[in-house]
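Listed below, chain by chain, are the residues.
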Amino acid sequence: MDASGSFKNQTAPCGRIVDGENFRDEDSDVVVTRETEFACGCRSIQHEYHDGSVSRTVTRHDGRVLVDELIAAE
Ligand SMILES: [Zn+2]
């Protein structure tokens, strides 16, 4: 299964419509990492922890952090 892949014409965090790529990385110890890189330079990184909590960071192409949150498990 290839969980990563490129996409086209998605709305980046800055509002531009750009192409980009998705990456997925599984670490047996800690987390699943999902990362999205947009052509303009914006990026979104999400970590899923074994206890079900999720952290998410969205960084705009100029380096400004738009979202930095930890969503606790229910
Ligand atoms: Zn951008």
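Only a predicted model underlies this, so the values are computations on that prediction, with no experimental measurement involved. (Residues numbered from 1 in each chain as written. Predicted model: local features only at pLDDT ≥ 70, side-chain atom pairs only at ≥ 80, totals over all residues. Heavy atoms only, no water.)

### Focus: the coordination of the zinc ion
Defined as follows: Water is not part of the atom set, so a site may look incomplete; the donors themselves are N, O and S atoms within 2.8 Å of the metal, or 3.2 Å for Na, K and Ca. Under this scheme a four-donor centre is tetrahedral when all angles range from 85 to 135 degrees, a four-donor centre is square planar and a six-donor centre octahedral when opposite donors are above 155 degrees with the rest from 65 to 115, and any other centre is irregular. Put simply, DSSP H or I for four residues or longer makes a helix, DSSP E for two residues or longer makes a strand, and each gets a number counted from the N terminus. Relative accessibility thresholds used throughout: buried, under 20% of the residue-type maximum; exposed, over 50%; partly exposed, between the two (1.4 Å probe, protein chains only).
Ligation of the zinc ion by protein atoms is provided by Cys-14 (SG), Cys-40 (SG), Cys-42 (SG) and His-61 (ND1), these donors lying 2.0 to 2.4 Å from the ion. Coordination at the zinc ion is tetrahedral: its four donor atoms span angles of 103 to 123 degrees at the metal. Binding-site remark: the zinc ion is held by donors from one chain whose sequence spacing is C-x25-C-x1-C-x18-H. Of the two residues, Cys-40 sits in the loop between strand S3 (31-38) and strand S4 (43-49) while His-61 sits in the loop between strand S5 (54-59) and strand S6 (65-71), which places them 21 residues apart along the sequence. Judged by its relative accessible area of 18%, Cys-40 falls in the buried class.

### Some remarks on the sheet that holds S5
We count it as follows: Criterion used throughout: strands pair if DSSP finds at least two bridges between them. For helices, the fitted line uses only the C-alpha atoms of the stretch in contact; every axis is such a line through C-alpha atoms, and the angle between N-to-C directions lies from 0 to 180 degrees.
Here six strands make up an open sheet; going across it, the order is S1-S2-S3-S4-S5-S6 and the pairing antiparallel. The outermost strands of the open sheet, each flanked by one partner alone, are strand S1 (5-11) and S6. Neighbour-to-neighbour, the strand axes of this sheet turn through a mean angle of 15 degrees, independent of strand direction. When S1 meets strand S2 (residues 17-26), the two strands line up antiparallel, connected through five bridges. From the neighbouring strand, Ser-6 faces S2, where its bridge partner is Glu-21.

### Structural notes on the pattern of salt bridges
We apply this condition: The term salt bridge refers to a side-chain nitrogen of Lys or Arg lying within 4 Å of a carboxyl oxygen of Asp or Glu.
In the structure shown here, the tally under the stated rule is seven salt bridges. Between Lys-8 and Asp-19 there is a salt bridge, with the nearest N and O atoms lying 3.6 Å from each other. Of this pair, Lys-8 sits in strand S1 while Asp-19 is found in strand S2, placing the two residues eleven residues apart along the sequence. Of the residues examined, Asp-19 reaches a relative accessible area of 32% and is grouped as partly exposed.

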